[in-house]
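Single-letter residue listing:
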Amino acid sequence: ATPPRSICLLFDVSGSMAAYADGLLRFAHAACRRRRSTEVFTMGTRLTRISRELHGLDADAALIAASAAVPDWSGGTRLGEQLKAFLDRWGRRGIARGAVVVVASDGWERGDVSQLAEQMRRLRRLAHQVVWVSPHAGKDGFAPETAGLRAVLPSVDVLVAGHTLDTLEDLADLLCREDARA
């Protein structure tokens, strides 16, 4: 397999993910600081690229700038539509091609679940690896109960938790292992 060229982070910023948004953005800032080729997008009712805002040196200033750039915090979730927008605009042009793509979402989809599954298949064909971060995956009794999460799992290489500092450290370790292979 070809080693990854970059890391792409796609974060769900809908209302159901609000409790995890700050930690995920801080994680994204650290990833951007570690590897300049890291790209970051938010997904809710629209797709927003916040890579430039998160590449700043000062974490607080970067998070404020990123937050200001995202117009749909705590709104709905249209993951299939946003993945399609991402793949149509940036996927084939190189951001997703050969990248480790991390999608952080609980899988609550308000749009067409079949579209979400189709776009995940497209993403899987382009990416080096697809990692799905669910804030619920590490909790006792977890099962992929949302229709969205069930739809994406066939296209996911690794499903990880993302609800605590320890689980985000595990995600960082996973990305560093992929980075070491590059």
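Residues numbered from 1 in each chain as written. Predicted model: local features only at pLDDT ≥ 70, side-chain atom pairs only at ≥ 80, totals over all residues. Heavy atoms only, no water.

**Some thoughts on helix α5 (residues 113-126)**
In a regular helix each residue adds 1.5 Å, so 14 residues correspond to 20 Å; α5 covers 20 Å between its end C-alpha atoms and thus fits that length. All buried positions along α5 are accounted for by Gln115, Leu116, Ala117, Gln119, Met120, Arg122, Leu123 and Leu126. In this structure, the buried side of α5 is in contact with α4 (79-91), β4 (100-104), β5 (129-134) and α6 (147-152). (Helix = DSSP H or I, 4+ residues; strand = E, 2+ residues; numbered from the N terminus. Expected span 1.5 Å × (residues − 1). Buried < 20%, exposed > 50% of the residue type's maximum accessible area, 1.4 Å probe, protein only. Contact = heavy atoms within 4.5 Å.)

**A closer look at the packing of helix α1 (residues 18-34) against helix α3 (residues 59-69)**
The geometry of α1 relative to α3 is characterised by a closest axis approach of 10 Å and an angle of 120 degrees between their N-to-C directions. The chirality of how α1 crosses α3 is right-handed. Listed contacts from α3 to Asp22, Leu25, Arg26 and His29 of α1 are Ala59, Asp60, Ala62, Leu63 and Ser67. In the contact of α1 with α3, the residues fall into four nonpolar, two polar and three charged. (Axes fitted to C-alpha atoms, helices over the stretch in contact; angles between N-to-C directions. Left-handed = near helix turned anticlockwise from the far one by under 90°. Nonpolar A, V, L, I, M, F, W, Y, C, P; charged D, E, K, R; others polar.)

**A few points about the pairing of β4**
With five of five residues buried, β4 lies mostly within the body of the structure. Burial along β4 is two-sided: Val100, Val102 and Ala104 and Val101 and Val103, pointing in opposite directions, are all buried. As paired elements, strand β1 (residues 7-12) and β4 share five bridges and run parallel to each other. In the sheet register, Cys8 faces β4, and the bridge partner there is Val101. (Pairing = 2+ DSSP bridges.)

**Some points on the pattern of salt bridges**
A full pass over the atoms with the stated rule returns six salt bridges. Residues Glu39 and Arg49 are paired through a salt bridge, measuring 2.8 Å at the closest nitrogen-oxygen approach. A residue pair is termed long-range when its members are at least 10 positions apart, and Glu39 in strand β2 (residues 39-43) and Arg49 in strand β3 (residues 47-49) qualify at 10 residues. On the basis of relative accessible area, Glu39 is assigned to the buried category, the value being 15%. (Salt bridge = Lys/Arg side-chain N within 4 Å of Asp/Glu carboxyl O.)

**Quick notes on the packing of aromatic side chains**
A full pass over the atoms with the stated rule returns two aromatic pairs. Judged by centre distance (5.0 Å) and plane angle (70 degrees), the ring pair of Phe41 and Phe86 falls under edge-to-face. Placement of Phe41 in strand β2 and of Phe86 in helix α4 is noted, with a sequence separation of 45 residues between them. Exposure remark for Phe41: the relative accessible area of 0% places this residue in the buried category. Among the aromatic residues, those joined into a ring-pair cluster are Phe41, Phe86 and Trp90. (Phe/Tyr/Trp six-rings, centres within 6.5 Å; stacked < 30°, edge-to-face > 60°.)

**Remarks on the pairing of β5**
Judged by how many residues are buried, β5 sits mostly within the fold: six of six residues are covered. Residues of β5 alternate between two faces, with Gln129, Val131 and Val133 on one and Val130, Trp132 and Ser134 on the opposite face, all of them buried. Examined bridge by bridge, β4 and β5 share five bridges and lie parallel to one another. The residue bridging Val100 from the neighbouring strand is Gln129, located in β5. For the crossover that starts at β4, traverses α5 and ends in the parallel β5, the hand is right-handed. By the bridge criterion, four bridges tie β5 to strand β6 (residues 158-161) in an arrangement that is parallel. Within β6, the position partnered with Val133 by the bridge is Val160. Regarding topology, α6 serves as the crossover connection from β5 to the parallel β6, and that connection is right-handed. (Right-handed = clockwise from strand over helix to strand, strands pointing away.)

**Quick look at a negative patch on the surface**
Judged by side-chain charge, Asp166, Glu169, Asp170 and Asp173 come together as a negatively charged surface patch. For Asp173, a relative accessible area of 43% puts it in the partly exposed group. (Patch = residues over 30% accessible without salt bridge, like charges linked within 9 Å, V, L, I, M, F, W, Y side chains within 5 Å. Areas by Shrake-Rupley, 256 points an atom, 1.4 Å probe, with all protein chains shown as cover. Lys, Arg positive; Asp, Glu negative; His and termini not counted. Charge placed at Lys NZ, Arg CZ, Asp CG, Glu CD.)

**As for the sheet that holds β1**
Spatially, β3-β2-β1-β4-β5-β6 is the arrangement adopted by the six strands of the open sheet, whose pairing is mixed. Each edge of the open sheet is held by one strand with a lone partner, namely β3 and β6. Mean inter-strand twist for the sheet, computed between neighbouring axes without regard to direction, equals 20 degrees. Packing against the sheet, α1 makes contact with β1, β2 and β4, and its axis sits at approximately 165 degrees to β1. Each of β4 and β5 is contacted by α5, which is oriented at about 135 degrees to β5, the strand it contacts most.

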